[in-house]
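Fold and contact review
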Amino acid sequence: MISFELFPSRTVSLYMGKMFLIRTFAVLAMFVLVLQALDLLSESGHILAYAGNGQAEITRYLTLRIPEIIATFLPFSVLLGTIITLSTLNQNSEVIALKASGLSAHQILAPLLVASLGVAIISFSFNDRIVSRATATLNQWQKVDYGPLPIDRGDRANVWVRDGDDLIQVEQVRGHGDAAKLGGITLFDREGGSLIAIVSAKTGVRDPQGWKIGPATRFDVASGKLTHFASIVIGRDVRPDQFTLASIDANGLSFGGLHAAIADLKAGGRPTKALEGAMWHKLSGPLSSMLMPLLGAVAAFGLARSGKLFVRAVIGMMLGFFYFVADNFALAMGNLGAYPPFLAAWAPFLLFLMIGEAVLIRTEE
């Protein structure tokens, strides 16, 4: 008699969930140990090349690099943990015993799916709170060749902002909010897509009506006339935060921080498609851990003594590998603008969810 409960046996569920988690994190530890050792062989020379760097800087690099490795290889560790767990159960005829007791394939996989959901939640929190900060710090440190990190006072350089049809370029922005100060301002006054005048000024500050710049000059394109002003107000609809936007590193921002940055970029008239895809991938990436038990399930079913258990395990690994290839390809297409951001992040997940279900139903149910 087939049971329709998701977890007919609490003991079996805990047994399988514990086995799955232990193997998953053991594989992850192996990945981190090996990959970090290889990475350190190539980077230690660059770190120690800066005068004064030593063991403390090597340790600091490890604390910043290890979170990135964990975030990158956790889904693949879940896949290998699934295959090892299910292959062991199959080899010991435990899967046959579970099916003989009336459990379906989905019920056998249910403890692994729930455990992988927990891994996905932990992964998202870890990426959002730790990996993003570590990545941002490491990127800044590498830009100064592992020297002392400069103090970030919020200064920005070469900022472009759209104000209706007009474009505003600022060579340097200091400060934040209403206290922001502009330096080297150039306004390209356009009407109907045609340039009609260029306004230049050395400095600019926030004004109740917009941005007050001066001393300023205005060059009229049609007449060639150059006019001087003590001060002039521009950018009446431009907010201060639009000037303080730097180039955005999606990997160095949390989900909430990236969402806010995208909103500011949109308000500034700047393209955001690639960043939107990266934002959605911050959700679909960790959630891909839930796919791995489904893709690796092919190793659980079928007679172990038929000699095809290894082949089934390889098929499961290939399905997982193809998912990561498709995921990276879709993100690349999203960055090029060929795919919409939401589709670039979620299409591989949904596609391989259907493939996993189809393989499971075809081979077992």
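The notes below deal with the structure included here. (Residues numbered from 1 in each chain as written. Predicted model: local features only at pLDDT ≥ 70, side-chain atom pairs only at ≥ 80, totals over all residues. Heavy atoms only, no water.)

1. With respect to the nonpolar core
One finds Met292, Phe301 and Tyr323 to be the most contacted residues of the largest nonpolar core, which totals 38 residues. Elements with a minimum of two residues in this core: helix H1 (10-49), helix H2 (55-91), helix H3 (94-100), helix H4 (105-143), helix H8 (291-295), helix H9 (309-336) and helix H10 (341-363). Residue contributions to this core peak at 7 residues, all from H2. Aside from chain neighbours lying at most four places away, what touches Met292 is Pro75, Val78, Leu79, Thr82, Tyr323 and Phe324. Ranked by size, the runner-up nonpolar core spans 17 residues in total, among them Val173, Leu182, Leu187 and Ile234. (Core = buried A, V, L, I, M, F, W, Y, C linked by side-chain atoms within 4.5 Å. Buried < 20%, exposed > 50% of the residue type's maximum accessible area, 1.4 Å probe, protein only. Helix = DSSP H or I, 4+ residues; strand = E, 2+ residues; numbered from the N terminus. Contact = heavy atoms within 4.5 Å.)

2. Structural notes on the packing of H1 against H2
Contact geometry for H1 and H2: axes closest at 5 Å, N-to-C directions at 145°. As for the relative orientation of H1 and H2, their crossing is right-handed in sense. Looking at the contact of H1 with H2, its residues break down into 25 nonpolar, 7 polar and 5 charged. (Axes fitted to C-alpha atoms, helices over the stretch in contact; angles between N-to-C directions. Left-handed = near helix turned anticlockwise from the far one by under 90°. Nonpolar A, V, L, I, M, F, W, Y, C, P; charged D, E, K, R; others polar.)

3. Description of H4
For H4, the principal kink sits at Asn127 and spans about 45°. Directly beyond the C-terminal end of H4, a positive phi value near 55° is found at Asp145. (Bend = angle between axes of the 7 residues up to and from the residue.)

4. Some details on the side chain of His281
Locating His281 in the fold gives a position in helix H7 (residues 273-287). The contact partners of His281, leaving out residues within four places of it in the chain, are Pro286, Asp327, Leu331 and Ala345.

5. Structural notes on the packing of aromatic side chains
Counted by the stated rule, this structure contains 14 aromatic pairs. Aromatic pair Trp346 and Phe349: ring centres 5.7 Å apart, planes at 90°, arrangement edge-to-face. Remark: Phe349 and Trp346 occur in helix H10; sequence separation between them is 3 residues, near one turn of the helix. In this pair, the class of Trp346 matches that of Phe349, namely buried. (Phe/Tyr/Trp six-rings, centres within 6.5 Å; stacked < 30°, edge-to-face > 60°.)

6. Remarks on a nonpolar patch on the surface
Where nonpolar side chains cluster on the molecular surface, the patch consists of Met30, Leu33, Val34, Leu38 and Leu41 and spans about 550 Å² of accessible area. Along the chain, Leu38 falls in helix H1. For Leu38, a relative accessible area of 52% puts it in the exposed group. (Patch = residues over 30% accessible without salt bridge, like charges linked within 9 Å, V, L, I, M, F, W, Y side chains within 5 Å. Areas by Shrake-Rupley, 256 points an atom, 1.4 Å probe, with all protein chains shown as cover. Salt bridge = Lys/Arg side-chain N within 4 Å of Asp/Glu carboxyl O.)

7. Here we look at H9
Along its 28 residues, H9 runs 41 Å from first to last C-alpha, staying within 8% of the 40 Å computed at 1.5 Å per residue. By the burial criterion, the buried members of H9 are Leu309, Ala313, Gly316, Leu319, Gly320, Tyr323, Phe324, Asp327, Ala330, Leu331, Met333 and Gly334. A positive backbone phi angle near 90° is found at Gly337, which sits one or two residues after H9. (Expected span 1.5 Å × (residues − 1).)

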